[in-house]
Amino acid sequence: MKKTTNQALVIFGASGDLTYRKLIPAVFDLYMNGSLPEGYAVLGVSRTDLTDNQFRKKMKEGIKLFAHYKNAVTEKIHDFLSMLHYLSIDTGKGEEYIHVKEKLNSLNRKLNLGQNYIFYLSTPPSLYTSIPKYLYGQGLTLQQKGFRRIIIEKPFGHDLLSAIELNEQLQEFFSEDQIYRIDHYLGKETVQNLMVTRFANGIYEPLWNRNFIQHVEITAAESIGVEDRGGYYDHSGALRDMVQNHLLQVLSLVAMEPPAKISPEEIRYEKMKVFRSLRPFSKNDLKKNVIRGQYTDATVRGKQYNGYRDERNVDKHSRTETYVAMKIFIDNWRWQGVPFYIRTGKRLPTNVTEVVIHFKPSPQRLFKSADDSGNSDNQLILRIQPDEGILLKTGMKVPGSGYEVKSVNMDFHYTELNDHYIPSAYERLILDCMTGDNMLYMSSEAAEETWKFVQPVLNYWENDKEAPLHGYPSGSWGPDVADDLIEGKENTWRYPCKNLAEDGVYCEL
């Protein structure tokens, strides 16, 4: 268990949904696991007018619904709620931040916090530069006595230029080692296990290169539509919302070289080498290797689903993508010539995020495949969510005469480790920030480098009126043309189901 010093967590936007559903339940789980220090406080800051008791009552509801220890005894919940405090200010007015300073000074004297403060911006991105400026104006960013850290949620900019500007503005008031850019995907236990699977097992690393791997597939599918986020999503889209951050981060963990040691500096360094090795898209690549789609209305099992343009707060003529598929190459010694296929979309058949390593087939097919497909190549599936685990597809002889081969699954599920507690992504990431470990947070260089990679795609879609936008029915696996991305007539996307071992079939909503 990581040792933590006395400190306070200051959440801006504390009356919002993220605090209610994720942040406070995660901090409560840290409390239940004994990870919080003796002197600890949470200060919620927002425009909404609430008393301490009203804030605590609302957060109690969130704990009861979303915390791992939701069924904890009342005394434990009551003790935790006494750590929560609330302050109502207009976060857009710099003169009101004196009240934040005064409240923290009061809590510091009462709880001996050592003037150690973490500021969490659970706010619209428009406040990402003004809040740090106003905190700086009150001397709350200076690390003269205790540490001061700031956590910001994605999006880290809207494009390359805005990402560079955001980093420059943040670094006016905080040094880079004080800034924690949170990507909750990196807090997932199974994402972290990508490194362990590769570097702790001698059987994988010798095969993890262009000599043995045919291609790599990364899928992040969602069965839901944009729901109530239409206004935000219509100005964002799947490329900004998922590819620039989540999927490229997962790709970097799959493709990175072994670090010299497991430290934030070494791992960030190796990931940056991957980002810098991503092959830029040529004009021809933009037309052939990038697919964008938008879900249309459909009836699935008797239930009618709206098309994207019929969703609330979405432009009726919107060309915002809800699906992206790409063929990506990494120009380095290990991965030269190996295509990485990534796809993400909404209103797909199921919720699933996974990495599939497709190994090259044996040089000569000696045996007949039992399903007549001829496709019995080995696959290693690393399931990130749900039903987290690892699955290896290998060929085995069908009982009886002859030598027919059938693909079978050898699988491990994280649920089998029922004697181990698996923390939520936010729980892990908040604890890391409390201890000053930024290994699972994104650096300014990484944010800019990933934007640099996707910027030509954004420019192409924005400036070329003939750039296609493919419709796909809700409940399908996306546009048919996405199948043409994958090289080889026998190769296709893996069609995963909710359960790790149930594959090879289409799922329905």
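Attention here is on the structure that accompanies the text. (Residues numbered from 1 in each chain as written. Predicted model: local features only at pLDDT ≥ 70, side-chain atom pairs only at ≥ 80, totals over all residues. Heavy atoms only, no water.)

### Observations concerning the overall build of the chain
Stated formally: In DSSP terms, a helix is any run of H or I states spanning at least four residues, a strand is any run of E spanning at least two, and both are numbered starting from the N terminus. The globule rule used for comparison is 2.2 Å times the number of residues to the exponent 0.38, while the radius of gyration itself is calculated over C-alpha atoms. Only protein chains enter the calculation, and the probe is 1.4 Å; a residue is then buried if its accessible area is under 20% of its type maximum, exposed if over 50%, and partly exposed in between. Whether two residues are in contact is decided by their heavy atoms, any of which lying within 4.5 Å being enough. For accessible areas, the Shrake-Rupley method is used with a probe of radius 1.4 Å. Any residue's cover is judged against the shown protein chains and nothing else. Charge convention: Lys and Arg are scored as positive, Asp and Glu as negative, and His as well as the terminal groups of each chain are ignored. Working definition for charges: the position is that of NZ of Lys, CZ of Arg, CG of Asp or CD of Glu.
Looking only at helices and strands, the chain has 13 helices and 18 strands in total. At 24 Å, the chain has a C-alpha radius of gyration in line with the 23 Å of a compact globule built from 509 residues. Expressed as lengths along the three principal axes of its C-alpha atoms, the size of the chain is roughly 80 × 55 × 50 Å. The buried share among the 509 residues of the chain stands at 55%. For the chain, the share of sequence-separated contacts (at least 6 apart) that also reach a separation of at least 24 residues comes to 77%. When the accessible surface of the chain is split by element, carbon and sulfur atoms take 49% of a total near 23000 Å². Positive and negative side-chain charges of the chain, numbering 62 and 66 respectively, have mean locations separated by a distance of 2 Å.

### A few points about the side chain of Gln 138
With respect to the element layout, Gln 138 can be found in the loop between helix H5 (130–137) and strand S5 (148–153). Owing to a relative accessible area of 16%, Gln 138 belongs among the buried residues under this scheme. Apart from residues lying up to four places away in sequence, Gln 138 is in contact with Gly 94, Tyr 97, Ile 98 and Lys 101.

### Some thoughts on the sheet that holds strand S2 (residues 40–46)
Inclusion rule: Two strands make a pair as long as DSSP finds a minimum of two bridges between them. Only the stretch in contact is used when fitting a helix axis, every axis being a line fitted to C-alpha atoms; angles between N-to-C directions are given from 0 to 180 degrees.
In space, the six strands of this open sheet follow the order S3-S2-S1-S4-S5-S6, with parallel pairing throughout. Each having just a single partner strand, strand S3 (84–88) and strand S6 (179–182) make up the two edges of the open sheet. Direction aside, the axes of adjacent strands within the sheet are offset by 20° on average. Across five bridges, the pairing between S2 and S3 is parallel. Within S3, the position partnered with Val 45 by the bridge is Leu 87.

### Description of the environment of Arg 268
By the secondary structure assignment, Arg 268 is in helix H10 (residues 264–277). Contact partners of Arg 268, with chain neighbours within four places excluded, come to Asn 438, Tyr 441, Met 442 and Ser 443.

### Notes on the pairing of strand S11 (residues 323–328)
Extensive coverage of S11 is indicated by the burial of six of its six residues. Here S11 shows a buried face lined by Tyr 323, Ala 325 and Lys 327 and a second buried face lined by Val 324, Met 326 and Ile 328. As defined by bridge partners, strand S8 (residues 290–296) adjoins S11 across four bridges and the pair is classed as antiparallel. Opposite Arg 292, over in S11, you have Val 324 as the bridge partner. Sheet topology places S11 next to strand S12 (residues 340–345); six bridges connect them, and they run antiparallel. Residue Tyr 323 lies in a different strand from S12, and its bridge partner there is Gly 345.

### Thoughts on the nonpolar core
We apply this condition: Remark: nonpolar core denotes a set of buried residues (Ala, Val, Leu, Ile, Met, Phe, Trp, Tyr, Cys) joined through side-chain atoms within 4.5 Å.
Counting 147 residues, the largest nonpolar core has Phe 80, Phe 119, Met 326, Ile 328 and Phe 340 as its most contacted members. Per element, the largest residue contribution to this core is eleven residues, and it comes from helix H9 (residues 238–255). Among residues more than four places away in sequence, those in contact with Phe 119 are Val 10, Phe 12, Leu 104, Leu 135, Leu 140, Arg 149, Ile 150, Ile 151 and Phe 174.

### A short note on the packing of helix H2 (residues 52–66) against helix H3 (residues 74–81)
The condition is simple: Angle categories: roughly parallel below 35 degrees, roughly antiparallel above 145, roughly perpendicular from 65 to 115, and oblique for all the rest. Crossings are assigned a handedness: left-handed for a near helix turned anticlockwise from the far helix by less than a right angle, right-handed for a clockwise turn. Only Asp, Glu, Lys and Arg are considered charged, only Ala, Val, Leu, Ile, Met, Phe, Trp, Tyr, Cys and Pro nonpolar, and every remaining residue, Gly among them, polar.
It is the contact of H2 with H3, at a shortest axis distance of 11 Å, that shows an interaxial angle of 135°. With respect to H3, the element H2 is oriented oblique. Between H2 and H3 lies a crossing of right-handed hand. Residues Arg 56, Lys 60, Ile 63 and Lys 64 of H2 form the contact with H3, whose participating residues are Ile 77, Phe 80 and Leu 81. When grouped by side-chain class, the residues that make up the contact of H2 with H3 number four nonpolar, no polar and three charged.

### Structural notes on helix H4 (residues 97–111)
Stated formally: Given a helix with a known number of residues, its expected span is that number minus one, times 1.5 Å. Within this analysis, the arc is defined by the directions that extend from the helix axis to the C-beta atoms.
Compared with the 21 Å implied by 1.5 Å per residue over 15 residues, the 21 Å span of H4 between its first and last C-alpha is a close match. Considered for burial, the residues of H4 that qualify are Tyr 97, Val 100, Leu 104, Leu 107 and Asn 108. All buried residues of H4 project into a common sector of 105° when viewed along the axis, lining one side. The outward face of H4, more than 90 degrees from its buried face, is lined by the exposed residues Arg 109 and Lys 110. On its buried face, H4 sits against strand S1 (7–12), S2, S3, strand S4 (117–121) and H5. After H4 finishes, the residue Asn 112 shows a positive phi value of roughly 55°.

As far as function goes, none of this settles anything; it's purely spatial.
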